Amino acid sequence: MKILVLNSGSSTQKSALFELGSDPSDQPAPPLWEGKLEWDGDKETLAVKNANGKKFNAEAVVQPKDRRSSLAKMLQKLWQPPTQTIRDGSEIAVIGHRIVHGGPNLYQPTIVTPEVKQAIAEVSAIAPLHNKAGLQGIEIAEKLFPRKPQVAVFDTGFHRTMPPCAAVYPGPYEWFERGIRRYGFHGINHEYCAHRAARMLGHETSSLKIISCHLGNGCSLAAIDAGKSVDTTMGFTPLEGVMMGTRGGWVDPGILLHLMRADHASVDQLDDVLNRHSGLLGISGVSSDMRDVLEAAGKNNERAKLAFDIFVHRLQTGIAAMAASLGGVDAIVFTAGIGENSAEVRRATCARLGFLGVQIDEGKNSLAKPDVEISTSKSAVHVLVICAQEDWSIARECARLTRTM
């Protein structure tokens, strides 16, 4: 069956077409077609790759007010030259969606119904950069592929196994009773990376303690014991945790109270600052993209240097915290855009993890292309670089869920 996957991120909208059997293997299958919309400031970039691997790029100077129109145009390129891969939309069997926040009730992959859409909408305020985009993707798919089943796969689902000591905030217990708890995110890729790491190392997932570092525009770490999440850095929303592209991660909530009192900052103003003007962008003043930050740092831009140093410091302390939650660590995984592509981030991060027994091979690290191990033979901890496979993982869940339909 042909399965179309929509992956809505905070700064990108990715899509991929897969062809899988009803009982797919654990080995990722390459997509037949890929599309990616990326937004940076007032620029929108569209890139499409057809079945022959040829890329076609187009860039619009002004970002559209409604991203739904851009998404629809991208998906129509599935059957439009020069990137035509299928005859028309009727060839699509099912559409899968990455939904970032499932709230307290949605955590298993599920067929999209009006009730599911409403439940996703109800938690959109908690993950404003993501859930609204996910709903937009569902609405566009309903128009382009009428009567085709759609499946929602939730990033929060993997972290449902966290013990109460990791999931419950130390505020009034009434918070927890209201559903205010630590949910965690990037679970689709964290789970995949744990199983992929086990296969690479020739071990059963049940025998390993793994720290998965998902580092992209959004960043989170997960402590995975025997294949189950026992702790993670993101919490009630994707704002908590390590430093990110436009989000600062851990900040003292007293800062927000201070800004409300001293500057009369509104909720909307604070939301905008925390979600869109913090992190790498907020500190460097250059970009939310690590590549741009590193380039500026190389030209002696002091704020860019500081942004990189803070990013690495927060990452090191997060890894140490995850190791404590696990009571040890067998493998550390670097994944997603920064994790897979930035040798500088991996080098700087691992430089101060010697107390965990981490040693990386500089030659392997510099030349690393996923999937590969970059630790030395003497390292007590395996350090791996693994390609994120969220889209394929979603497609696999779609095939499994709809095989009896």
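Above: the structure in question.
What counts, and at which threshold
Residues numbered from 1 in each chain as written. Predicted model: local features only at pLDDT ≥ 70, side-chain atom pairs only at ≥ 80, totals over all residues. Heavy atoms only, no water. Helix = DSSP H or I, 4+ residues; strand = E, 2+ residues; numbered from the N terminus. Rg over C-alpha atoms; globule rule 2.2 N^0.38 Å. Buried < 20%, exposed > 50% of the residue type's maximum accessible area, 1.4 Å probe, protein only. Contact = heavy atoms within 4.5 Å. Areas by Shrake-Rupley, 256 points an atom, 1.4 Å probe, with all protein chains shown as cover. Expected span 1.5 Å × (residues − 1). Axes fitted to C-alpha atoms, helices over the stretch in contact; angles between N-to-C directions. Parallel < 35°, antiparallel > 145°, perpendicular 65-115°, else oblique. Nonpolar A, V, L, I, M, F, W, Y, C, P; charged D, E, K, R; others polar. Left-handed = near helix turned anticlockwise from the far one by under 90°. Pairing = 2+ DSSP bridges.

A. Here's a closer look at the overall build of the protein. Across its full length, the protein holds 15 helices and 14 strands. Computed over C-alpha atoms, the radius of gyration of the protein comes to 21 Å, within 12% of the 22 Å expected from 2.2 N^0.38 for 405 residues, which places it in the range of a compact globule. Structurally, the protein occupies a C-alpha span of about 55 × 55 × 50 Å along its principal axes. For the protein, the proportion of its 405 residues judged to be buried stands at 49%. Contacts in the protein between residues at least 24 apart in sequence constitute 64% of all its contacts with a sequence separation of at least 6. For the protein, the computed accessible surface area is about 18400 Å², with 52% contributed by carbon and sulfur atoms.

B. Unusual backbone geometry, seen in detail. In this chain, Pro-81 is followed by Pro-82 through a cis amide linkage whose omega measures 5 degrees. Examined against the element boundaries, Pro-82 turns out to sit in the loop between helix 1 (67-76) and strand 6 (94-99). Looking along the chain, the bond that leaves Pro-370 and enters Asp-371 is cis, with omega of 0 degrees. Of note in the backbone geometry, Ala-226 takes a positive phi value of approximately 55 degrees without being a glycine. Position of Ala-226 among the secondary structure elements: in the loop between strand 10 (219-225) and strand 11 (228-232). Backbone geometry places His-264, a non-glycine residue, at a positive phi of 55 degrees. If you trace the backbone, His-264 turns up in the loop between helix 7 (253-262) and helix 8 (267-276).

C. Main features of helix 15 (residues 390-402). A rise of 1.5 Å per residue sets the reference length of helix 15, with its 13 residues, at 18 Å; its end C-alpha atoms lie 18 Å apart and thus fit the reference within 8%. Among the 13 residues in helix 15, ten count as buried, and that is most of the element. Turning to helix 15, its buried residues number three or more, namely Glu-390, Asp-391, Trp-392, Ser-393, Ile-394, Ala-395, Arg-396, Cys-398, Ala-399 and Thr-402.

D. Representation of the packing of helix 6 (residues 187-201) against helix 15 in the model. At a minimum axis distance of 9 Å, the contact between helix 6 and helix 15 shows a crossing angle of 90 degrees. With respect to helix 15, the axis of helix 6 lies roughly perpendicular. Of helix 15, the residues touching helix 6 (which contributes Ile-188, Asn-189 and Tyr-192) are Glu-390, Trp-392, Ser-393 and Ile-394. Looking at the contact of helix 6 with helix 15 residue by residue, the class counts come to four nonpolar, two polar and one charged.

E. Quick peek at the packing of helix 2 (residues 114-122) against helix 3 (residues 131-144). Here helix 2 crosses helix 3 at 155 degrees, and the two axes come no closer than 9 Å. Considering the angle they form, helix 2 stands roughly antiparallel to helix 3. In this structure, the crossing between helix 2 and helix 3 has a hand that is left-handed. Residue-level contacts link Lys-117, Ile-120 and Ala-121 of helix 2 to Asn-131, Leu-135, Ile-138 and Glu-142 of helix 3. When its residues are assigned to classes, the contact of helix 2 with helix 3 shows four nonpolar, one polar and two charged.

F. Representation of the sheet that holds strand 12 (residues 331-335). Strand order in this open sheet of six strands is 11-10-9-12-14-13, and the pairing throughout is mixed. Across the chains shown, the open sheet's two edge strands, defined by having one partner strand only, are strand 11 and strand 13 (372-373). As paired strands, strand 12 and strand 14 (residues 382-385) are joined by four bridges and run parallel to one another. Across the sheet, Val-333 pairs through a bridge with Leu-384, a residue of strand 14. Strands strand 9 (209-215), strand 10, strand 11 and strand 12 of the sheet are contacted by helix 11 (residues 302-326), whose axis makes an angle of about 20 degrees with strand 10.

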